[in-house]
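# Chains, contacts and geometry: an overview
Listed below, chain by chain, are the residues.
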Amino acid sequence: MAVTATMVKELREMTGAGMMDCKKALSATDGDMDKAVDFLREKGLAGAAKKAGRIAAEGVVVTALGEDGKKAVAVEVNAETDFVAKNEKFQTYAADVAAQALNSNAADIDSFMEETWAKDPSMTVKEALASQISIIGENMNIRRFERIFEDNGFVASYIHAGGKIGVLIDVETDVVNDAIKEMAKNVAMQAAALKPQFTSRDEVSAEYIEKEKEILTVAAKNEKPDANDKIISGMVMGRVNKELKEICLLDQVYVKAEDGKQSVGQYVAEVAKANGAKIKVKKFVRFETGEGMEKKNEDFAAEVAKQMAGN
């Protein structure tokens, strides 16, 4: 049986094991999910595999910054329930993961999981995770991380709603002071609240624009079947520009703007002028807990009652 990416993803979320380990397990067991779980247990991932079948889609996003503010990391660590995500032990562990990721050279999550765990060099990051699963009693997963380095400025971070959303902002600037740091925090809050997809229009590919034009042209013709091409083209470009103002961070209307019209880019330029600085918001990272993952809709009280009854 051919092993698909979907199967690997499902097994990984079930067990917390690395992507390559999941692929090997599925290949070795001809795609049998239950046997693959047993295979991983036999390879020393019993602590994680015991919780197989439970979706870890809650958790926290944690950020960590270097002392000089020139590097930072955002990490998403998942658990099954919001109850555990708020547990001090879980949050301490998540902070330890972020500290490790900040100083890691790993290019992806799989190589990160194979690193020596800084808090206990006798274990790898993967083994430390399995240990935490056994201690905390829920399936857990280190889902993703992303680092930012900025030698000519600083990186700002913002955590929203106790770790539901985490944002990093890469700021290139020749002046670093409290006003500019406050600006960076405000921009990070903007990204958290309005969920942009790109930093600026420069990041939006021509292919993306053309695809949007195709879709919007069909929609416009359906709305106004008697309109000529010039009218349709005007409608489409207007809608494309409106969309870009929504999905590009620097084009978005700045939520704190007093006139309700100032864009984020204009706000950044205003702060730069006021402080005699050259400022560029180069990129951002925005992680939202459980983003794109299926979440189990369970009655927590019923689950506790079930466990107390020994079921």
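It should be emphasised that the depicted structure is a prediction, and the values quoted were computed from it without experimental measurement.

## Looking at the pattern of salt bridges
- For the structure shown, the criterion picks out 19 salt bridges.
- For lysine 126, the salt bridge identified is with glutamate 114, shortest N-O distance 2.8 Å. Of this pair, lysine 126 sits in helix 7 (residues 125-136) while glutamate 114 sits in the loop between helix 6 (109-113) and helix 7; the two residues are 12 residues apart in sequence, bridging distant segments of the chain.
- Among the ionic pairs, glutamate 291 bridges to lysine 195, the shortest N-O distance being 3.7 Å. Linking glutamate 291 in the loop between strand 6 (279-288) and helix 12 (300-308) with lysine 195 in the loop between helix 8 (178-194) and helix 9 (206-223), this pair joins segments that are 96 residues apart in sequence.

## Describing the packing of aromatic side chains
- Applying the stated criterion across every chain yields a total of 4 aromatic pairs.
- Where tyrosine 93 meets tryptophan 117, the ring centres are 5.9 Å apart and the plane angle is 45 degrees; that geometry is what we call tilted. Note that tyrosine 93 is positioned in helix 5 (residues 88-102) and tryptophan 117 in the loop between helix 6 and helix 7, a separation of 24 residues in sequence.
- For tyrosine 93, a relative accessible area of 3% translates into the label buried.
- Measuring from centroid to centroid gives 5.7 Å for phenylalanine 198 and tyrosine 208, while their planes differ by 75 degrees, and the two rings are edge-to-face.

## Side note on the sheet that holds strand 2 (residues 71-79)
- Reading across the sheet, the 3 strands line up as 1-2-3 and stay open at both edges, with antiparallel pairing between neighbours. Each of the sheet's edge strands pairs with one partner strand only, and the pair in question is strand 1 (58-65) and strand 3 (141-149). Between one strand and the next, the sheet's axes are offset by a mean angle of 15 degrees, whatever the strand orientation.
- Where helix 5 meets the sheet, it contacts strand 1, strand 2 and strand 3, and its direction lies at approximately 140 degrees from that of strand 2.

## Description of the sheet that holds strand 4 (residues 153-160)
- With antiparallel pairing, the 3 strands of this open sheet are ordered in space as 4-5-6. Every other strand in the sheet has two partners, leaving strand 4 and strand 6 as the edge strands with one partner each. Looking at each pair of strands side by side, their axes are set apart by 15 degrees on average, direction ignored.
- Summarising the sheet, strand 5 (residues 165-173) and strand 6 pair through 9 bridges and their orientation is antiparallel. If you follow glycine 166 over to strand 6, its bridge partner there is phenylalanine 287.
- Set on the sheet, helix 8 makes contact with strand 4, strand 5 and strand 6; between it and strand 5 the angle comes to about 140 degrees.

What counts, and where the lines are drawn
Residues numbered from 1 in each chain as written. Predicted model: local features only at pLDDT ≥ 70, side-chain atom pairs only at ≥ 80, totals over all residues. Heavy atoms only, no water. Salt bridge = Lys/Arg side-chain N within 4 Å of Asp/Glu carboxyl O. Helix = DSSP H or I, 4+ residues; strand = E, 2+ residues; numbered from the N terminus. Phe/Tyr/Trp six-rings, centres within 6.5 Å; stacked < 30°, edge-to-face > 60°. Buried < 20%, exposed > 50% of the residue type's maximum accessible area, 1.4 Å probe, protein only. Pairing = 2+ DSSP bridges. Axes fitted to C-alpha atoms, helices over the stretch in contact; angles between N-to-C directions. Contact = heavy atoms within 4.5 Å.

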